[in-house]
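Each chain, letter by letter, is given below.
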Amino acid sequence: MNVVQSLVEAAKFLGNMTWKTWWALVLGFTIAGAVQAFVSEEKMTNVLGGRGLKELGLGSFFGFLSSSCSFGAVATTKSLFKKGASPESSFAAFQFASTNLVIEIGLVMWILLGWQFVAADVFGGILMILLVAGITKYVVPDSWFEVARSHIDDDEDGMVRDPVCGMEVDPDDEDTLSVETDGSTEYFCSESCKQTYVNQREDETWKDKLLTLHGWKNAFRNAIGEWEMLWDDLVAGFIIAAFIAAFIPKTWWAQLFTVAPQGTVAWVVLGSIIGVAVGVITFVCSVANVPFALVLWTSGIPFGGVMSFIYADLIVPHIVDMYRKYYGKRLAAVLFVSIFAVATVAGIVTHYAWLAVNLIPKRGQTGGSVPHTYTLVLNVVFTVVFIAEVYVTYFESSGEQGEMAAHAD
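For the structure given in this document, a descriptive report is provided here. Since the model is a prediction, treat every value here as computed from it, not as a measurement. (Residues numbered from 1 in each chain as written. Predicted model: local features only at pLDDT ≥ 70, side-chain atom pairs only at ≥ 80, totals over all residues. Heavy atoms only, no water.)

Relative to the helices and strands, Trp267 resides in helix 13 (residues 265-281). With relative accessibility at 6%, the residue Trp267 sits in the buried group. Separated by 38 residues in sequence, Trp267 and Gly305 have C-alpha atoms that sit 9.4 Å apart. Apart from the residues lying within four places of it in its own chain, the contact partners of Trp267 are Phe257, Thr258, Ala260, Pro261, Gln262, Gly300, Ile301, Pro302, His351 and Arg363. (Helix = DSSP H or I, 4+ residues; strand = E, 2+ residues; numbered from the N terminus. Buried < 20%, exposed > 50% of the residue type's maximum accessible area, 1.4 Å probe, protein only. Contact = heavy atoms within 4.5 Å.)

Right, let's get into helix 3 (residues 53-65). In this model helix 3 runs 18 Å from its N-terminal to its C-terminal C-alpha over 13 residues, within 8% of the 18 Å that 1.5 Å per residue would give. Burial in helix 3 covers these residues: Glu55, Leu56, Gly59, Ser60, Phe62, Gly63 and Leu65. (Expected span 1.5 Å × (residues − 1).)

Inspection of every chain in the model, using the stated rule, returns 4 salt bridges. The closest approach of N and O atoms between Arg51 and Glu88, which form a salt bridge, is 2.7 Å. One end of the pair, Arg51, is in the loop between helix 2 (41-46) and helix 3; the other, Glu88, is in helix 5 (residues 87-100), with 37 residues separating them in the sequence. Residue classification places Glu88 among the buried residues on the basis of a relative accessible area of 2%. The salt bridge involving Arg51 is made with Asp142; its shortest N-O contact spans 3.0 Å. Here Arg51, found in the loop between helix 2 and helix 3, pairs with Asp142, found in helix 8 (residues 142-154); they are 91 residues apart in sequence, far enough to count as distant. For Arg51, a relative accessible area of 28% corresponds to the partly exposed category. (Salt bridge = Lys/Arg side-chain N within 4 Å of Asp/Glu carboxyl O.)

The next thing to look at is the packing of helix 14 (residues 290-298) against helix 15 (residues 303-311). As a packed pair, helix 14 and helix 15 sit with axes 9 Å apart at the nearest point and diverge in direction by 165 degrees. The angle between helix 14 and helix 15 places the two elements in the roughly antiparallel class. Helix 15 is crossed by helix 14, and the crossing has right-handed handedness. Here Phe292, Ala293, Leu296 and Trp297 of helix 14 come into contact with helix 15, specifically with Phe303, Val306, Phe309 and Ile310. (Axes fitted to C-alpha atoms, helices over the stretch in contact; angles between N-to-C directions. Parallel < 35°, antiparallel > 145°, perpendicular 65-115°, else oblique. Left-handed = near helix turned anticlockwise from the far one by under 90°.)

Another point: the side chain of Thr136. The topology assignment puts Thr136 in helix 7 (residues 115-138). For Thr136, the residues in contact, after removing those within four places along its chain, are Arg51, Pro87, Glu88 and Phe145.

Turning our eyes to something else, we now look at unusual backbone geometry. In this structure, Asn358 takes a positive phi of about 60 degrees despite not being glycine. Along the chain, Asn358 turns up in the loop between helix 17 (329-356) and helix 18 (372-408). On the basis of relative accessibility, which here comes to 68%, the residue Asn358 falls in the exposed class.

A few words now on the packing of aromatic side chains. Counted by the stated rule, this structure contains 18 aromatic pairs. Ring centres 5.8 Å apart and planes at 15 degrees place the aromatic pair Phe243 and Phe247 in the stacked group. Here Phe247 and Phe243 lie together in helix 11 (residues 213-247), a separation of 4 residues that amounts to about one turn. On the basis of relative accessibility, which here comes to 38%, the residue Phe243 falls in the partly exposed class. Between Tyr326 and Tyr327, the aromatic rings sit 5.9 Å apart at their centres with planes inclined by 75 degrees, giving edge-to-face as the arrangement. Since its relative accessible area comes to 3%, Tyr327 is described here as buried. Chaining the aromatic ring pairs together yields one cluster made of Phe81, Phe91, Phe145, Tyr323, Tyr326 and Tyr327. When the ring centre of Tyr326 is taken as reference, the NZ or CZ atom of Lys78 above it lies at 4.5 Å. Between Arg149 and the ring centre of Phe81, over which it is positioned, the NZ or CZ distance is 4.0 Å. (Phe/Tyr/Trp six-rings, centres within 6.5 Å; stacked < 30°, edge-to-face > 60°. Lys NZ or Arg CZ within 6 Å of the ring centre and 35° of its normal.)

Distances and angles like these do not, on their own, reveal function.
What follows is the structure, encoded as structure tokens:
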């Protein structure tokens, strides 16, 4: 196959993935935008200080309701930990749930890979939360976490965190937005994040927030905030997967993951280790790694290797560098080694658990059960929803900005 043919195949692969997942992405981000109206960071921090199963469950629940952006999840985790959330509820529960258990990744995974992978992702995600919680509680000395909290305070370097999406912003940058409230100032990366913050502070009931036109406008703005955080990762992930599918023969991946005889325990174990390593070096994280997982699965690698690859989104190099900057080299190393190990173990356990109950799909069998006609209808419907979200955020919100800022004061 020549270069031109490969580029054509890459374009077809990219178009097919985009077509299949568009409605699911819009739906997932819209739901995420709606639930953000209920849960603020202050509310979460107040109940995540303990180190028991209750706090682990609450941290996982809040993570499930939160963003699937790995950068936002890591930054919000830092803020929760700094304000008093325990290592178990922040590093284990919230951080893993907000990247591996959110609605968006489940929808995209169901469409591209199938419901068996979605169920495995939930099973493995919960297992990873429990394993990391065990490590933070029983293996890592408490004094190390106290040093990490001090490191956060010592390393602020003039940057501040957007309280909505978790991204760091420069308060002196002319593009940074702000709101004066309660004698302090909050800074934001975008208008949608600013308005989301203002909406969370308004004294409204849940009916006011989700059963009124005003409430759904707020949810739409939150949804666009999710797009603003994730669009570059999504585009990069889809394009990388398309080029890999077109230019790298499936036999190459099969050979990479068959250093041991296929079907043996060594094949599954080594496949899971390699899956994590591939997840680290591809630099792709969160929802964007699902298209690449599709390439790996159709190339013949172990089911557990695919799952380990998906679980590894929190130890890609740029996120590990965030750990180093936030908590220092020692805890960054602990997080990297711990997550690498538990992602591998989770892949192996999930593989054999699914094998035992005959849930591993047949090789080459992928995707959900949404008929082509339904995909067309859903894409049309949710394109209209997306256009409405864009309109409310970028064209209508400017007229409401003064009124909403007044609510925050």
